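# Chains, contacts and geometry: an overview
Spelled out from the first residue to the last, the chains are:
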Amino acid sequence: MGERAALGELARVFLKLGTIGFGGPAAHIALMEDEVVRRRRWLSREAFLDYLGATNLIPGPNSTELAIHIGHARAGWPGLLVAGASFILPAVVIVTAVAWAYVRFGTLPAAESVLYGVKPVVIAVVAQALWGLGRTAIKSRALAALAVGATVAAAAGVHELIILAACGAVMALARGVYRTVGGSGAAGVALLAGPNLITLGGTAAPAAVPVNLGPLFGVFVKVGAVLFGSGYVLLAFLRADLVERLGWLTERQLLDAVAVGQITPGPVFTTATFIGYVLRGWPGALVATVGIFLPAFVFVAVSGPLIPRMRRSPTVAAALDGVNAASLALMAVVTWQLGRAALVDPFTTLLAAVSLLLLLDARINSAWLVLGGALAGAAARSLMSPV
């Protein structure tokens, strides 16, 4: 396949994924696995897991960084730019349109009916991906024990980065013990996993202050360069800078911005697009978006070429195995939390079960399932609403 054809295919795939990618990073990762591993076979599951593990070790939006990695693996440096930009673009367009309506009318457009049907389908897509990836990542009893410990730690509220670092360190140390004294290394993991994982648990008003594009860009570059964790961590960073320190936003505006990032498809970091538009219109939306996503492209460009070399080192490869197991454990906990919010009645539970069955047996494209879920949710809500 020529470079032009490869880039065109990358653009089509990631524009689609960015358009249907409701549900946050776990759902995005599941959709990517379905598209690039199961359906198109661009990557093996092992390579996909290695890229996933690497994205968890650098700041920024994990699913966007995974898209950038896949683009680079498929079509080199041009692919890196095309895949990342294509995945981000649909969300930016949608969020900008929502921000325009917000500034014009002072409220957020309603999306509850669509999300009512989409969320159960997303749960099924993530569950299917977890099953497939887990069978590849959990290659030994030691990794299984580590994944269980990471799941318990994540459910107890331990910070994601601590879990990832601990699991990577455990497997690297276990590999060292194995090479020194021989044996399977499982005993070393059992001894190390306990202390490392168990004790760790410990309205649309204009801006009150004039906003220049340079400082706006600087704020979002900083956030994109240092932020680990979920959308709730993003909320904490933005509140400290935009509400408390600079006084550019009100508390209500910030909460509305984060809500838009959660209810629209694509990366949650497009919260920055909404805020930029509210503060400075179209130029602000562009500057804030470029600012928050730019570090992700830089980090992947620097770290991506190192991943194959990491696999050639037994100790680093063992650490990467541990990080991969922890990454899936974090996805599992997020899926459980999302499931409790999405499966709220017999209809949503049935919709999730049917979607999972279709994914496993009929291997139906997840994009059609998401569209079907949206239509089913809208229809069900219209039937439930009083006449």
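Because the structure is a prediction, the values reported are computed rather than measured. Numbering of residues begins from 1 in every chain and follows the order in which that chain's sequence is written. For this predicted model, a pLDDT threshold of at least 70 governs which residues receive local features, and a threshold of 80 or more governs which side-chain atom pairs are given and counted, while totals over whole chains, interfaces and linings are taken from all residues. Note that water and hydrogens are dropped before the side-chain values are worked out from all heavy atoms of the structure.

What follows deals with the overall build of the protein chain. Counting its regular elements, the protein chain contains 16 helices and zero strands. Burial classes follow relative accessibility: with a 1.4 Å probe on protein chains only, a residue under 20% of its type's maximum area counts as buried, one over 50% as exposed, and anything between as partly exposed. Burial analysis of the protein chain (387 residues in total) assigns 51% to the buried set. Per element, the accessible surface of the protein chain, about 17000 Å² overall, is 67% carbon and sulfur. Labels follow the DSSP assignment, with helices taken as runs of H or I lasting at least four residues and strands as runs of E lasting at least two, numbered in each case from the N terminus. Per-residue and other accessible areas follow the Shrake-Rupley method at a 1.4 Å probe size, with only the shown protein chains counted as cover for residues.

Turning next to the pattern of salt bridges. Pairs may arise between side chains of opposite charge once their charged atoms sit close together. For salt bridges, the criterion is a side-chain nitrogen of Lys or Arg within 4 Å of an Asp or Glu carboxyl oxygen. This structure, assessed with the given rule, holds 10 salt bridges. One salt bridge connects Glu 35 with Lys 16, and the closest N-O pair in it is separated by 2.8 Å. Placement of Glu 35 in helix H2 (residues 25-39) and of Lys 16 in helix H1 (residues 3-20) is noted, with a sequence separation of 19 residues between them. The class of Glu 35 is buried, set by a relative accessible area of 1%. Beyond isolated ion pairs, a larger network of salt bridges with shared partners links Glu 9, Lys 16, Glu 35, Arg 40 and Arg 74.

For any two aromatic rings, the description comes down to two numbers: the centre-to-centre distance and the angle of the planes. The pairing test for Phe, Tyr and Trp rings, Trp by its six-membered ring, is centres within 6.5 Å, and the orientation test on the planes gives stacked under 30 degrees, edge-to-face over 60, and tilted for anything in between. Following the criterion strictly, the structure yields four aromatic pairs and no others. The interplanar angle of 85° and the centroid separation of 5.2 Å between the aromatic rings of Tyr 277 and Trp 282 together place this pair among those described as edge-to-face. Relative accessible area serves as the criterion here: at 9%, Tyr 277 is assigned to the buried category.

Further remarks concern a nonpolar patch on the surface. Patch criteria: residues need more than 30% relative accessible area and no salt bridge. Like-charged residues are merged within 9 Å; nonpolar side chains of Val, Leu, Ile, Met, Phe, Trp and Tyr are merged within 5 Å. Side chains of Phe 217, Leu 286, Val 290, Leu 294, Val 298 and Val 302 sit close together on the surface and give an oily, nonpolar patch of about 510 Å² of accessible area. Here the nonpolar patch takes five residues from helix H12 (residues 271-303), the largest share from any one element. One can find Val 298 in helix H12.

Here the nonpolar core consists of buried residues drawn from Ala, Val, Leu, Ile, Met, Phe, Trp, Tyr and Cys, with membership extended through side-chain atoms lying within 4.5 Å. By size, the foremost hydrophobic cluster in this structure holds 47 residues, and its most contacted members are Phe 14, Met 32, Phe 48 and Ile 70. Elements supplying a minimum of two residues to this core: H1, H2, helix H3 (45-56), helix H4 (62-105), helix H5 (112-137), helix H14 (314-342), helix H15 (346-362) and helix H16 (366-384). Sort the elements by how many residues they give to this core and H5 lands first, with 10 residues. Sequence-distant contacts of Phe 14, defined by excluding residues within four places in its chain, comprise Met 32, Trp 42, Ala 67, Ile 70, Ala 83, Ser 86 and Phe 87. Val 223, Leu 254, Ala 257 and Val 300 belong to the second-largest nonpolar core, a separate cluster that totals 41 residues. Working rule for contacts: check all heavy atoms of both residues, and any pair within 4.5 Å makes them a contact.

Right, let's get into the confidence of the model for the protein chain. Atomic detail in the predicted coordinates should be set aside for any region of low pLDDT. The predictor attaches a confidence to each residue, and that confidence, scored 0 to 100, is pLDDT. Averaged over all residues, the pLDDT of the protein chain equals 80, while 83% of them reach at least 70. Counted against residues more than four places away or in other chains, residues 181-203, with its pLDDT under 50, gives 35 contacts.

A word on unusual backbone geometry. Phi at Arg 41 is positive, roughly 55°, even though this residue is not glycine. Within the secondary structure, Arg 41 is located in the loop between H2 and H3. The exposure class assigned to Arg 41 is exposed, which follows from its relative accessible area of 65%.

For any two helices packed against each other, the geometry is given by the interaxial angle and the distance between the axes. Interaxial angles span 0 to 180 degrees and are taken between N-to-C directions of axes, which are lines fitted to C-alpha atoms, for helices over the stretch in contact. The contact between H3 and H4 brings their axes to 9 Å, and the two run at 135°. Relative to H4, H3 is oriented oblique. The chirality of how H3 crosses H4 is right-handed. Residues Phe 48, Tyr 51, Leu 52, Ala 54, Thr 55 and Asn 56 of H3 lie in contact with H4, whose contacting residues are Asn 62, Glu 65, Leu 66, His 69, Ile 70 and Ala 73. The residue inventory of the contact of H3 with H4, partitioned by class, reads seven nonpolar, four polar and one charged. When describing relative orientation, an angle under 35 degrees is termed roughly parallel and one over 145 degrees roughly antiparallel, while 65 to 115 degrees is termed roughly perpendicular and anything else oblique. The handedness criterion is simple: a crossing whose near helix is rotated anticlockwise from the far helix by less than a right angle is left-handed, and one whose near helix is rotated clockwise is right-handed. Residues are sorted three ways: Asp, Glu, Lys and Arg are charged, Ala, Val, Leu, Ile, Met, Phe, Trp, Tyr, Cys and Pro are nonpolar, and all the rest, Gly among them, are polar.

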